[in-house]
Amino acid sequence: MAAIRAYLDYNASAPLLSAAREAMVAAIDAANPSSVHAEGRAARRLIDNARRDVAALVNGKAEHVVFTSGATEAASTLLTPDWQMGRGAIRMSRLYVCEADHPCLLNGGRFPAKLVTRIGVGADGIVSLDALTAALGGHDRADGLPLVAIHAANNETGVIQPIDRMAEIVGAAGGILVVDAVQAAGRVSIDMSAGYADYVILSSHKIGGPKGAGAIVAAADLMMPKPLINGGGQEKGHRGGTENLPGIAGFGAAAREALAGLKAIGAVRRRRDELETSIKTLVPDVEIFGAGAPRLANTTFFAIPGVKAETAQIAFDLGGVALSAGSACSSGKVGPSHVLKAMGHGDSLGALRVSVGAATADEDIELFRTALASIAARRAGREKAA
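This is a predicted model, so every value here is computed, not measured.

A. Representation of the overall build of the protein chain within the structure. Scanning the protein chain for helices and strands turns up eleven helices and 14 strands. Taken over C-alpha atoms, the radius of gyration comes to 22 Å for the protein chain, in line with the 21 Å a tight globule of 386 residues would show. Its C-alpha atoms give the protein chain principal-axis dimensions of about 70 × 55 × 35 Å. Within the protein chain, buried positions represent 53% of all 386 residues. Look at the contacts in the protein chain between residues 6 or more apart in sequence, and 71% of them connect residues 24 or more apart. Of the charged side chains in the protein chain, 39 are positive and 38 negative, and the gap between their average positions amounts to 2 Å.

Structure representation (structure tokens):
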């Protein structure tokens, strides 16, 4: 294993930011934020501050933020047929998801499988708006409202979905739109005040905060899903259990940094483009998935013809480069990428995901280039021998 290493797997988990670490350490000894004494009130202020910072990241309102243990819990909370408006019950009779969604959406949450409709994507990874329009057009509202869940940006390809157009389609059908903004937050501007979505899902560790913290940000507080976790009334009754104060404090600090970092996203894009130039030079027949569509500035998802993704990932790791073969949630499992299958690629195809960040340096790119050159040379040797 190489002594010097390059971390190029930000989409799996961004490195913990110094500001987040400091906020966590400061919150470790805090009291229970539900206590009414001075120590409890001080702990509550830490949560209130973080709530404002997380809301600001998507231009939402602090009072509409519900903290969770992560994005998966947030998705499971929102993806349910059972909702409430005040004391009244509201039913979502069908869930519509995208074939390329993260598994936490694709699996339907608390919806039974028979009530989940999957909407396809094109070869570029963008959801079919015609298919979505047709599906919602056939929805029978006599049984309940349609609930639509979609990722803002794909965790494997980085392809950015046309959320503004989807919001118009869902709104015209009288539906509710849930957007998984886990990969998009801090990389593209999100404005909840402009009708971006009804609910947005966020994850702390994707933006440099600690693992174990996530959030739901609602556009309004009139309607919320039936709680997944009942308890002592924390988070206005939407999510029971004593809050993870260090995690939430770190999340808030990371959100502040991520919002400020949007101004420098062009530098991240240039770094990614530099990396892609190296790939194309060393592997002229490379396929970069979603390259023709709008993508996150930091993400490249590519396949080296004739080289299995798992084999290449091991070679990169031995060469000192950390990257993923697909989603980090499934990269340890044998099987094709469901995202590539949704885009029309064969079952046997594997791909590598490189995702960079603001801290990615010239030395990281050079280490990647050296490892890729070795892989390309071995491939050429095999082809010549054959």
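On we go.
B. Structural context of the nonpolar core. Phe67, Leu177, Val179, Tyr196, Val200 and Leu202 are the most contacted members of the largest nonpolar core, which totals 64 residues. Considering each element in turn, this core owes the most residues, eight residues, to helix H7 (residues 245-261). Sequence-distant contacts of Phe67, defined by excluding residues within four places in its chain, comprise Ile47, Ala50, Arg51, Val54, Gly214, Ala215, Glu235, Arg239, Ile248 and Phe251. Within the second largest apolar cluster, 29 residues are counted, among which are Leu95, Tyr199, Ala218 and Met224.

C. Focus on the packing of aromatic side chains. Taken as a whole and assessed by the stated rule, the structure comprises six aromatic pairs. Taking 6.1 Å as the distance between ring centres and 65° as the angle between the ring planes, the aromatic pair formed by Phe67 and Phe251 counts as edge-to-face. Here Phe67, found in strand E2 (residues 65-68), pairs with Phe251, found in helix H7; they are 184 residues apart in sequence, far enough to count as distant. By the burial criterion, Phe67 is buried, and Phe251 matches it.

D. Expanded view of the environment of Lys114. Summarising the element assignment, Lys114 is placed in the loop between helix H4 (103-106) and strand E5 (116-119). Sequence-wise, Lys114 and Leu95 are 19 residues apart; in three dimensions their C-alpha atoms are separated by 9.6 Å.

E. Structural view of helix H8 (residues 265-282). Counted at 1.5 Å a residue, the expected span for H8 with its 18 residues is 26 Å, and the 26 Å between its end C-alpha atoms agrees. For H8, the full list of buried residues reads Val268, Arg271, Arg272, Leu275, Glu276, Ser278 and Ile279. The arc enclosing the buried residues of H8, seen along the axis, measures out at 155°, which places them on a common side. Residues of H8 that are exposed and point over 90 degrees away from its buried face: Arg270 and Thr281. Those residues of H8 hidden inside the fold are in contact with strand E11 (287-288), strand E12 (299-303), strand E14 (352-355) and helix H11 (362-385).

F. Spotlight on the side chain of Thr157. Inspection of the secondary structure puts Thr157 in the loop between strand E6 (145-151) and helix H6 (163-172). Among the polar contacts made by the side chain of Thr157, one reaches the main-chain amide nitrogen of Val159 at a distance of 3.1 Å. Those residues in contact with Thr157 that lie beyond four places of it in its chain are Phe289, Arg295, Thr299, Phe301, Val339 and Met343.

Procedures and definitions
Residues numbered from 1 in each chain as written. Predicted model: local features only at pLDDT ≥ 70, side-chain atom pairs only at ≥ 80, totals over all residues. Heavy atoms only, no water. Helix = DSSP H or I, 4+ residues; strand = E, 2+ residues; numbered from the N terminus. Rg over C-alpha atoms; globule rule 2.2 N^0.38 Å. Buried < 20%, exposed > 50% of the residue type's maximum accessible area, 1.4 Å probe, protein only. Contact = heavy atoms within 4.5 Å. Lys, Arg positive; Asp, Glu negative; His and termini not counted. Charge placed at Lys NZ, Arg CZ, Asp CG, Glu CD. Core = buried A, V, L, I, M, F, W, Y, C linked by side-chain atoms within 4.5 Å. Phe/Tyr/Trp six-rings, centres within 6.5 Å; stacked < 30°, edge-to-face > 60°. Expected span 1.5 Å × (residues − 1). Arc of directions from axis to C-beta. Polar contact = N/O pair within 3.5 Å; in protein donor to acceptor, adjacent residues only side chain to side chain.

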